[in-house]
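Observations on chain architecture
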Amino acid sequence: MSKRPSLPVADAPVRPTVWDSPAMARRLRRRYAAERRFRLLGLAAVALSAAFLAFLLVTMVAQGIRGFTETTITLPIDLAAADLPIEPARVKGRSADLALAGAGLEDAVDTAATMRFGRDGADLLSPGAWLAVRDAIKADPAILRRTVTFTLPVASPFDVAAKGEGTPDAEQVVARLKAQGVLSTGWNWNFLTDADATDPTRVGIWGAAKGSLLTMLVTLALAFPIGVLAALYLEEYAPKNRWTDLIEVSINNLAAVPSIIFGLLGLAVFLNTFGLPRSAPLVGGLTLALMTMPVIVIAGRNAIKAVPPSIRDAALAVGASRVQVIFHHVLPLALPGILTGTIIGMARALGETAPLLMIGMRAFIAAPPRGLTDPSTVLPVQIFLWSDQVDRGFIEKTSAAIIVLLVFLLAMNGLAIYLRNRFETRW
């Protein structure tokens with residue numbers, strides 16, 4: 001059959017829809033404008049945060065970099081003419097320090113400075129400058145019979161003036177000494193290897209850094225395994241009843257307790273009850289472990305809860321025991337999340353000061369701790385103590401200590417992030 005020819009159909013008029021109305025166009029414009037404003041506000045917030053962070057880092061580095069340097073003066077000393085009442089053969093062992101101090105070595109150094117630089121020459125030297133001479137004599141007792149040129153640290157006012165922050169009188173003295181070619185500024189290695197001191201030109205950060213390291217080791221050794229095991233029990237074994245709910249609420253509340261409360265707890269339990277040594281890394285680690293443990297438990301429970309139930313069911317289906325399911329399947333998959341909570345808890349513990357002040361870790365410690373029970377301090381407390389000093393030389397040392405604390409924190413977090421990525425598994 002032949003098809004019937006189609007008849008031309010007149011074009012039907014197009015009816016306007018709601019999307020073409022002026023009101024909808026205005027709504028669309030407002031919505032797009034709101035999205036643009038939201039994007040700009042987010043970008044401004046990120047830029048403002050980055051600006052504050054950059055300002056903080058630049059300020060700390062600009063002030064702290066001077067703390068890693070020292071100003072020294074060249075001083076020739078005729079030790080033979082000083083006629084110290086000590087024989088080179090006696091400059092041995094531990095008794096050498098007392099022998100040299102009793103022999104009038106400090107007075108001999110001050111006399112040499114007065115002869116070289118005038119009446120106020122002894123004031124140019126740091127109070128601990130003679131200790132550098134003592135160490136040189138201990139290293140080579142033969143120098144007691146000849147003239148030796150020493151490089152000694154200058155006093156704090158002249159050290160600050162040499163770095164551009166001193167008084168006009170001190171800056172004039174520094175300019176005169178530089179013109180004579182006896183003054184120089186260089187890297188201060190003793191700051192990284194010594195402990196605290198009363199003289200800002202001789203202070204070091206190693207004592208506080210070692211104390212922080214020992215304290216963090218104790219904290220991690222206690223808080224991590226106990227927190228992970230507690231999280232495993234609460235998620236995998238604990239029955240769902242009122243007691244379990246009470247424990248969960250208590251753990252959540254402990255994570256929000258002010259840190260100084262844990263300091264009071266450590267003072268009452270570890271010091272007053274058990275009689276542990278005051279101001280020791282062991283007590284500091286125990287106190288910070290109590291503070292860090294709830295954070296690790298909460299993060300561990302969330303990470304364990306995020307493991308799919310199908311993995312547990314599959315392991316049980318092939319004959320694995322409950323313990324094998326937990327330690328061979330659940331825990332390895334939850335470990336990245338657990339390590340994230342550990343990073344947060346340890347970073348908080350590293351920067352804490354209040355609980356450690358309560359257990360006595362604010363004492364003046366002139367030697368690095370040799371063990372977990374030796375008196376020590378930590379980096380945040382050391383920064384607090386130096387910031388409270390009157391001498392202007394401690395200002396740059398405080399900023400330098402903050403840089404060391406930031407480097408310590410970045411190194412610890414970097415290691416934890418590496419371990420987290422190392423054990424991360426995607427399913």
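Sequence order as written defines residue numbering, which begins from 1 separately in each chain. Per-residue local features are limited, in this predicted model, to residues with pLDDT of at least 70; the limit for side-chain atom pairs, both in listing and counting, is 80 or more; totals at the level of whole chains, interfaces and linings are taken over all residues. The basis for every side-chain value is the complete set of heavy atoms in the structure, and neither hydrogens nor water enter the calculation.

1. A short note on the packing of helix α13 (residues 309-317) against helix α14 (residues 322-350)
- At their nearest, the axes of α13 and α14 sit 10 Å apart, and the two run at 155 degrees to each other. Put simply, α13 runs roughly antiparallel to α14. Crossing hand, α13 versus α14: right-handed. For the pair α13 and α14, the contacting residues are I311, R312, A315 and L316 in the first and V325, H329, V330 and L333 in the second. Helix axes are fitted only over the stretch in contact, all axes being lines through C-alpha atoms; the angle between N-to-C directions runs from 0 to 180 degrees. Put simply, DSSP marks the helices as runs of H or I at least four residues long and the strands as runs of E at least two long, and each gets a number from the N terminus on. Any angle that is under 35 degrees is reported as roughly parallel, and any over 145 degrees as roughly antiparallel; angles of 65 to 115 degrees are reported as roughly perpendicular and all others as oblique. Throughout, a crossing is termed right-handed when the near helix is turned clockwise from the far one, and left-handed when it is turned anticlockwise from it by less than a right angle. In what follows, residue pairs with any heavy atoms lying within 4.5 Å of each other are defined as contacts.

2. A word on the side chain of T292
- For T292, the location among the structural elements is in helix α12 (residues 281-305).
- Type-normalised accessible area, obtained with a 1.4 Å probe on protein chains alone, sets the label of each residue: buried when under 20%, exposed when over 50%, and partly exposed for intermediate values. By relative accessible area, which is 1% here, T292 ends up buried.
- Setting aside residues no more than four positions away along its own chain, T292 makes contact with T219, A223, G345, M346 and A349.

3. Thoughts on the UniProt feature "transmembrane region" (unreviewed entry) in the protein
- UniProt positions are given in the numbering used here, feature names are shortened, and annotations may be inferred rather than shown by experiment. Here, UniProt's "transmembrane region" (unreviewed entry) annotation points to residues 38-62, 213-234, 254-276, 282-304, 325-347 and 400-419.
- With 70% helix and 0% strand, the stretch residues 254-276 has end C-alpha atoms that lie 24 Å from each other.
- Each end of residues 400-419 is marked by a C-alpha atom, and these two atoms are 29 Å apart; helix forms 100% of the span and strand 0%.

4. As for the pattern of salt bridges
- One side-chain nitrogen of Lys or Arg within 4 Å of one carboxyl oxygen of Asp or Glu is enough to make a salt bridge. Enumeration according to the criterion identifies eight salt bridges in this entry.
- For K163, the salt bridge goes to D159, with nearest N and O atoms at 3.2 Å. Summarising the burial analysis for this pair, K163 and D159 share the class buried.
- For the salt bridge of E236 with R312, the shortest nitrogen-to-oxygen distance reads 2.9 Å. Placement of E236 in helix α9 (residues 206-237) and of R312 in helix α13 is noted, with a sequence separation of 76 residues between them.

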